[in-house]
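# Structural characterization, general
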Amino acid sequence: MKKFLIAAAAVGLVLTGASADTTKEVEKLAKQYGCSGCHAVDKVKAGPPYRVIAKEYKGKPNAKETLVKSILGGSMMKWQTKGRKYKIKVKMAYMPAQHGVNKQQAEKIVDLILKLDTK
């Protein structure tokens, strides 16, 4: 089964500096680990966009731990209610565990997502 994680391509997005570099890094890892099948930086696919994930979790205690756990162990129905808050409709009810990603890789992905500009 193809890995569905977190990450993808920002279409038509104009970014500069560190934000552009972070976006490129997220896109690169998303492609490498198969995340871009379900996630993109700014577009709803089967799962929520990374920028929305960043907005939801930035500044929250245990944000990194929570997101790493979702990547490694999967999650169920997490974005059906959160999606309403951001006026997005997430197509999948669950994210399968990403067995092709180890903890260190998941932490790197989460760090990059949380660095995305959310304004």
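This report concerns the structure included in the present document. (Residues numbered from 1 in each chain as written. Predicted model: local features only at pLDDT ≥ 70, side-chain atom pairs only at ≥ 80, totals over all residues. Heavy atoms only, no water.)

## A few points about helix α3 (residues 63-73)
Three or more residues of α3 are buried, namely Ala63, Leu67, Val68, Ser70 and Ile71. The arc that holds every buried residue of α3, seen down its axis, measures 155°, which confines them to one face. Those residues of α3 that are exposed and angled more than 90 degrees off the buried face are Glu65, Lys69 and Gly73. Close packing links the buried residues of α3 with α2 (50-57), β1 (75-76), α4 (78-85), β2 (94-95) and α5 (103-115). Remark: Gly74 follows α3 within two positions and exhibits a positive phi of approximately 85°. (Buried < 20%, exposed > 50% of the residue type's maximum accessible area, 1.4 Å probe, protein only. Helix = DSSP H or I, 4+ residues; strand = E, 2+ residues; numbered from the N terminus. Arc of directions from axis to C-beta. Contact = heavy atoms within 4.5 Å.)

## Focus: the nonpolar core
Among the nonpolar cores identified, the biggest contains 28 residues, and Tyr50, Ile53, Tyr57, Ile71, Trp79 and Ile109 are the most heavily contacted of them. Only α1 (17-33), α2, α3 and α5 provide two or more residues apiece to this core. Ranked by residues supplied to this core, first place goes to α5 with 6 residues. (Core = buried A, V, L, I, M, F, W, Y, C linked by side-chain atoms within 4.5 Å.)

## With respect to unusual backbone geometry
The phi dihedral of Asn62 falls on the positive side, at around 65°, and the residue is not glycine. Inspection of the secondary structure assignment puts Asn62 in the loop between α2 and α3.

## Considerations on a nonpolar patch on the surface
A cluster of nonpolar side chains, namely Met76, Met77 and Tyr94, defines an oily patch on the protein surface of about 350 Å² accessible area. When you line up the elements, Met77 lands in the loop between β1 and α4. On the basis of relative accessibility, which here comes to 45%, the residue Met77 falls in the partly exposed class. (Patch = residues over 30% accessible without salt bridge, like charges linked within 9 Å, V, L, I, M, F, W, Y side chains within 5 Å. Areas by Shrake-Rupley, 256 points an atom, 1.4 Å probe, with all protein chains shown as cover. Salt bridge = Lys/Arg side-chain N within 4 Å of Asp/Glu carboxyl O.)

## Description of the packing of α2 against α4
In contact at an axis separation of 12 Å, α2 and α4 are set at 85° when each is read in the N-to-C sense. The orientation of α2 relative to α4 falls into the category roughly perpendicular. Together, Val52, Ile53, Glu56 and Tyr57 of α2 and Lys78, Trp79, Lys82 and Lys85 of α4 make up the contact between the two elements. Within the contact of α2 with α4, the residues separate by chemical class into 4 nonpolar, no polar and 4 charged. (Axes fitted to C-alpha atoms, helices over the stretch in contact; angles between N-to-C directions. Parallel < 35°, antiparallel > 145°, perpendicular 65-115°, else oblique. Nonpolar A, V, L, I, M, F, W, Y, C, P; charged D, E, K, R; others polar.)

Taken by themselves, the reported measurements are silent on function.
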